[in-house]
Each structure stands twice: as C-alpha cells, then as structure tokens.
Amino acid sequence: MSYEAHVTDTAYCYDGSFAGFLCCVFESYARKEIPAEVCPPEDGQLNFFGTRQIFTDEQHARRVAAGLDRLGREVKDRVTTGFLCTDPGKDLTLLRFVRLCFAQGPRAAQMLGDPDAAAAFALERAVDNEACRLIEFIRFEERDGMLGAVIHPKHRILPLLRGHFCSRLPDENFLIYDAAHGTALLHRDGQVRYLAMERYIPGTDETELDWQRMWKRFFKALTIEQRRDEKAQMSHVPKRFWQDMCEMQPDLAFPAGAAVRKAD
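The text that follows walks through the structure, step by step, so that each part is easy to find. Starting afresh in each chain, residues are numbered from 1 along the sequence in its written order. With pLDDT at 70 or above as the cut-off, local features in this predicted model cover only qualifying residues; side-chain atom pairs require 80 or more to be listed or tallied, and sums for whole chains, interfaces and linings still use all residues. The side-chain numbers reported here are obtained from all heavy atoms of the structure, hydrogens and water having been left aside.

This next bit is on the overall build of the chain. Of the regular secondary structure elements, the chain holds 8 helices and 10 strands. Burial status across the chain gives 41% buried among its 264 residues. Throughout, a contact is declared for two residues whenever any of their heavy atoms are within 4.5 Å. Across the chain, every contact between residues at least 6 apart in sequence was considered, and the portion connecting residues at least 24 apart equals 69%. Areas reported here follow the Shrake-Rupley algorithm with a probe of radius 1.4 Å; residue values treat only the protein chains shown as occluding. Carbon and sulfur atoms make up 52% of the accessible area of the chain, which totals about 15,500 Å². Working definition: helices are DSSP H or I runs of at least four residues, strands are E runs of at least two. Numbering for both runs from the N terminus. Relative accessible area decides the class of each residue, using a 1.4 Å probe on protein chains only: under 20% of the type maximum gives buried, over 50% gives exposed, and in between gives partly exposed.

So this is what it looks like as structure tokens:
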C-alpha cells in the first residue's frame with residue numbers, strides 16, 4: 001500500500017448503497033485509517049471485528065463522487081462497475097483502490113502490479129464479462145403486451161444491460177427480471193425504472209408459445225446428434241444460463257386438438 005494510513009481492526013458497516021460506500025471512503029479519510037472490513041447489510045453480522053456504523057450522508061457522498069469525476073472515466077467506471085460485483089470483500093477492495101487513485105492520480109488504474117489496483121481490475125472484468133455473455137443469451141417472450149425475460153446472474157448487472165437494450169429496442173416496452181437478486185429493469189414509454197420484484201410469471205399467450213415451439217424445433221433440427229458434445233457446448237454457453245434459454249427447456253406440449261404442421 002503506497003499511501004499513508006494505518007489499518008485498523010474495525011469493520012465499517014453501511015447500508016449497501018453506492019452513496020453509502022462513498023461515505024465509507026470519506027470516513028476512511030476523516031479518520032486516517034483503512035478498515036479491516038467494509039460490510040453491506042448482508043455481511044454485517046459475519047465479521048470478527050469491532051464494528052462502526054457508517055451512515056449515508058449525501059454531502060459526504062457528493063464530495064467523494066466529485067473526486068472520482070476528477071480522476072477520469074477509467075477510474076470512475078472501474079469503481080462503479082466493480083461495485084456491482086457480489087464477490088465477498090469487494091467493498092474493501094474498492095475502498096483501497098479509491099484511496100490508491102486519490103494518492104497516485106489517474107495512472108493508478110494502470111498500475112496492475114499493485115495488488116489493490118489488480119484486485120479492482122479483476123472485479124470490473126468479472127462484471128463486464130458476465131454482462132457481455134448475458135447480452136448474447138437473454139431470451140425475450142411476449143407477455144402482457146410487452147417483452148419479458150428472466151436472468152439468474154451472479155453479479156448485479158442490470159445497469160450494464162440498460163444501455164444495450166434501450167438502444168436496440170427504443171420503441172419496445174420490456175422488462176428484464178434478475179431473479180437472483182430480486183430486481184427488475186423496466187423500460188416503458190421511453191422511461192427506465194429499477195424495481196424490487198419477487199417473481200416473474202411467464203406468458204401464457206398461445207401465439208407466443210407457438211413461437212417458442214417453433215424456435216425449439218429449429219434449434220433441434222440444426223443439432224447433429226452423433227456430434228453432440230455437451231462439454232464443448234458449455235464452454236460457449238455456460239450451463240448456469242440454460243435455465244433461462246427457451247431452446248434448452250423441455251419440449252412444450254401442443255394444446256389438445258391443435259394441428260401440427262409437417263414440413264413438405
């Protein structure tokens with residue numbers, strides 16, 4: 001660590017918001033210390049250190065945010081994207097990285113030989129990689145006059161999906177439900193909102209189900225059974241994404257009395 005501060009045996013506990021995290025950075029400077037842990041609410045009872053509650057103060061958060069702005073886009077993106085990571089200890093990693101950047105300037109983002117800079121880079125890369133993968137594998141369905149999709153990501157990546165789908169589907173109303181974290185990205189009438197959401201009810205429109213059946217038949221028709229290699233398939237499409245992909249689900253039954261069109 002190339003900046004002056006003593007490491008304490010105290011854990012900072014905060015409300016889990018980004019503004020709250022910035023207040024932890026402010027407190028670290030005010031006390032001239034590096035905490036032993038930085039704990040969001042879900043981790044606050046799991047540490048073995050003495051705790052200090054850090055309350056969110058919007059003025060303190062704005063001061064730290066303004067400092068990040070002055071450090072440039074690369075540093076700010078690394079912190080904001082890394083904050084979406086759910087790996088244990090990411091809050092302390094980012095606090096140490098922010099302090100390094102304030103001490104060394106924007107060049108600290110390129111100092112990957114420094115353990116704090118390297119750890120922050122790894123957080124950003126993990127979140128970005130998952131978001132890029134899910135952009136490829138999200139499957140929408142027609143539901144109640146809008147498009148709906150369910151995902152089960154490891155990290156809280158909805159903010160990284162927002163720009164891509166809002167630009168690709170500017171005239172569509174759509175909802176992407178993050179079932180792993182109970183949140184949803186809603187785009188309706190050109191406005192975007194993030195919602196707390198407990199569950200997603202799949203659409204039951206028969207026309208939509210027909211499209212899903214046809215897509216599954218197309219996917220199956222392209223498969224050469226003799227050359228099926230599930231391990232190779234998982235290297236391109238991780239198995240944890242399969243539960244949200246229509247073509248990976250069991251065949252949908254046709255309704256009673258429905259005519260199945262045969263290829264000529």
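The tendency in soluble globular proteins is for nonpolar side chains to be buried side by side. The nonpolar core is taken to be a set of buried Ala, Val, Leu, Ile, Met, Phe, Trp, Tyr and Cys residues, with the residues joined through side-chain atoms within 4.5 Å. Counting 53 residues, the largest nonpolar core has Phe21, Phe97, Leu161, Phe174 and Ile176 as the members making the most contacts within it. When residues of this core are traced back to their parent elements, those giving at least two are helix 1 (18-30), helix 2 (58-71), helix 3 (73-82), helix 4 (90-104), helix 5 (115-137), strand 7 (146-151), helix 6 (158-168) and strand 8 (174-178). Residues Met146, Leu175, Tyr177 and Leu186 belong to the second largest nonpolar core, which totals 7 residues.

Ordered by their spatial adjacency, 5 strands build an open sheet running 6-7-8-9-10, and the pairing between neighbours is mixed. In this open sheet, the two edge strands, each paired with only one partner strand, are strand 6 (141-143) and strand 10 (191-196). Each neighbouring strand pair of the sheet contributes to a mean axis angle of 25°, computed without reference to strand direction. Direction of pairing for strand 8 relative to strand 9 (residues 183-188): antiparallel, over a ladder of 5 bridges. Looking at the pairing, isoleucine 176 lines up with leucine 185 of strand 9. What makes two strands pair is DSSP finding at least two bridges between them. In this analysis, axes come from line fits to C-alpha atoms, helices being fitted only over the stretch in contact, and the angle between any two N-to-C directions falls in the range 0 to 180 degrees.

Another point: helix 5. Here, expected helix span is obtained from the residue count minus one, scaled by 1.5 Å. Look at helix 5: 33 Å from first C-alpha to last across 23 residues, which is about the 33 Å you get at 1.5 Å a residue. Among the residues making up helix 5, those that are buried are Asp116, Ala117, Ala120, Leu123, Glu124, Val127, Glu130, Ala131, Leu134 and Phe137. Pairs of N or O atoms within 3.5 Å make up the polar contacts considered here, provided that, within protein, one atom can donate a hydrogen while the other can accept it, and that residues adjacent in sequence are counted only when both atoms are side-chain atoms. Of the residues flanking the start of helix 5, the one acting as N-cap is aspartate 114, its side-chain oxygen 2.8 Å from the backbone nitrogen of aspartate 116.

Pairing is parallel in the open sheet, where 3 strands are placed in the order 4-2-5. Two strands close off the open sheet at either side, each with one partner strand: strand 4 (37-39) and strand 5 (50-53). Mean inter-strand twist for the sheet, computed between neighbouring axes without regard to direction, equals 30°. Alignment of strand 2 (residues 10-13) against strand 5, held across 4 bridges, turns out to be parallel. Note that in strand 5 the partner of tyrosine 12 across the bridge is arginine 52.

Turning our eyes to something else, we now look at the environment of phenylalanine 165. Within the secondary structure, phenylalanine 165 sits in helix 6. Judged by its relative accessible area of 6%, phenylalanine 165 falls in the buried class. The spacing of phenylalanine 165 and isoleucine 135 is 30 residues in sequence and 8.4 Å in space, taken between C-alpha atoms. Apart from the residues within four sequence positions on either side, phenylalanine 165 is in contact with Ile135, Ile138, Phe140, Phe174 and Ile176.

With that out of the way, let us pick up the packing of aromatic side chains. Working definition: an aromatic ring pair is given by the centre-to-centre distance plus the angle between the planes. For this analysis, a ring pair means two rings from Phe, Tyr or Trp (six-membered ring only for Trp) whose centres lie within 6.5 Å, classed as stacked if their planes differ by under 30 degrees, edge-to-face if by over 60, and tilted for the remaining angles. Within the structure shown, the criterion is met by 7 aromatic pairs. Two conditions define a charge sitting above a ring: the NZ of Lys or the CZ of Arg must be within 6 Å of the ring centre, and it must be within 35 degrees of the ring normal. A cation sits over an aromatic face here: lysine 90 above phenylalanine 83, 3.6 Å from the ring centre. For arginine 99, the ring lying beneath its charged end belongs to tyrosine 29, and the centroid distance is 4.0 Å.

Geometry only, nothing functional implied.
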